[in-house]
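# Residue-level structural notes
The lines below spell out each chain.
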Amino acid sequence: MAGAKKETKSTSPEQVRLYTLEVFIIGGPLTEKFVKKNPVVSRTIKIRGDQFLQDLHSAIFDAFDRWEEHMYEFTFGKGPNDPKAKRFVLPHGFEIEQEQPNPPIGRVDETTIESLGLKVGDRFGYWFDFGDDWWHQINVEAIEDKLPRGKFPKVTKRVGKSPPQYAEEDE
């Protein structure tokens, strides 16, 4: 049709969905003493569908009281540590890693939560600090069509104490 505008997805509050994600620490430099006192460490985070994976990273970083930034990526596969998983990485890693056996498929600063096609019950991985290897499993707990007022992402529940970012801090 001549003069018709191309239909674009609107991001008005009425059309943006809200995702409830439960983030578990499943591996990292945890001491036996810490694990004994905190057998489960998780944070529940609500995030808008029009926000990016880098926004989710920032929410997780803050939720676990981390203070020193490191490289990270999100993985979507058979489990959080799947070596064949689809990977979303930092912008500078995207170009560098294209020749790797499992190159990334997207950038964290360009990939919205909504674009991932998540469903309730899905799970994916988040790997923080490629030296200390903090592994997280993220479970999709709920997806709401109505977006409540407020600032997102936000932490709505904390289980267990935040582990020290570096194991030697726990001694």
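### Overview of the nonpolar core
By size, the foremost hydrophobic cluster in this structure holds 30 residues, and its most contacted members are Leu 56, Ile 60, Phe 74, Phe 124 and Ile 138. Mapped by element, the contributors of at least two residues to this core are strand S1 (18–27), strand S2 (42–48), helix H2 (53–63), strand S3 (72–76), strand S6 (123–128) and strand S7 (134–144). Of all the elements, H2 adds the most residues to this core, at 6 residues. In contact with Phe 74, not counting residues within four places along its chain, are Leu 53, Leu 56, His 57, Ile 60, Lys 86, Arg 87, Phe 88, Val 108, Phe 124, Gly 125, Tyr 126 and Ile 138.

### Focus: the confidence of the model for the protein
In this model, the protein carries a mean pLDDT of 89, and residues with pLDDT of at least 70 account for 89%. Note that pLDDT drops below 50 for residues 1–11; the model gives that stretch 5 contacts with residues more than four away or on any other chain.

### Observations concerning the pattern of salt bridges
Oppositely charged side chains can pair when the atoms bearing their charge come close. Considering all chains together, one arrives at 8 salt bridges under this definition. Close ionic contact of Lys 46 with Glu 144 constitutes a salt bridge, the shortest N to O distance being 3.2 Å. Separated by 98 residues along the polypeptide, Lys 46 in strand S2 and Glu 144 in strand S7 bring together distant segments of the chain. A salt bridge links Arg 87 to Glu 97; its shortest N-O distance comes to 2.3 Å. In this pair, Arg 87 is assigned in strand S4 (residues 86–89) and Glu 97 in the loop between helix H3 (91–96) and strand S5 (106–107), connecting sequence segments 10 residues apart. As far as the burial class goes, Arg 87 and Glu 97 line up, both buried.

### Considering the sheet that holds S2
What the 8 strands build is an open sheet, ordered S5-S4-S3-S6-S7-S1-S2-S8; its pairing is mixed. Strands at the two margins of the open sheet, each flanked by one partner only, are S5 and strand S8 (154–159). With 4 bridges joining them, S3 and S6 adopt antiparallel strand pairing. Bridge pairing in S6 links Tyr 72 to Phe 128. Against the sheet, H2 contacts S1, S2, S3, S4, S6, S7 and S8, and its axis sits at roughly 150° relative to S2.

### Structural notes on the pairing of S7
Pairing between S1 and S7: 9 bridges, direction antiparallel. Considered in S7, the bridge of Glu 22 is made with Asn 139. Note that S6 and S7 share 6 bridges and pair antiparallel. Following the sheet pairing, Arg 123 is matched in S7 by Asn 139.

### Digging into the environment of Met 71
Here Met 71 shows up in the loop between H2 and S3. Here Met 71 falls in the partly exposed class, since its relative accessible area comes to 36%. Along the primary structure Met 71 and Phe 130 are separated by 59 residues, whereas in three dimensions their C-alpha atoms are 6.5 Å apart. Residue contacts for Met 71: discarding those within four places in its chain leaves Leu 90, His 92, Trp 127, Phe 128, Asp 129 and Phe 130.

### Here we look at the side chain of Arg 87
The class of Arg 87 is buried, set by a relative accessible area of 11%. A polar atom in the side chain of Arg 87 sits 2.3 Å from the side chain of Glu 97. Discounting residues that sit within four places of it in the chain, Arg 87 has contacts with Glu 73, Phe 74, Thr 75, Glu 97, Asn 102, Pro 103, Pro 104, Ile 105 and Gly 106.

Conventions we followed
Residues numbered from 1 in each chain as written. Predicted model: local features only at pLDDT ≥ 70, side-chain atom pairs only at ≥ 80, totals over all residues. Heavy atoms only, no water. Core = buried A, V, L, I, M, F, W, Y, C linked by side-chain atoms within 4.5 Å. Buried < 20%, exposed > 50% of the residue type's maximum accessible area, 1.4 Å probe, protein only. Helix = DSSP H or I, 4+ residues; strand = E, 2+ residues; numbered from the N terminus. Contact = heavy atoms within 4.5 Å. pLDDT = per-residue confidence, 0-100. Salt bridge = Lys/Arg side-chain N within 4 Å of Asp/Glu carboxyl O. Pairing = 2+ DSSP bridges. Axes fitted to C-alpha atoms, helices over the stretch in contact; angles between N-to-C directions. Polar contact = N/O pair within 3.5 Å; in protein donor to acceptor, adjacent residues only side chain to side chain.

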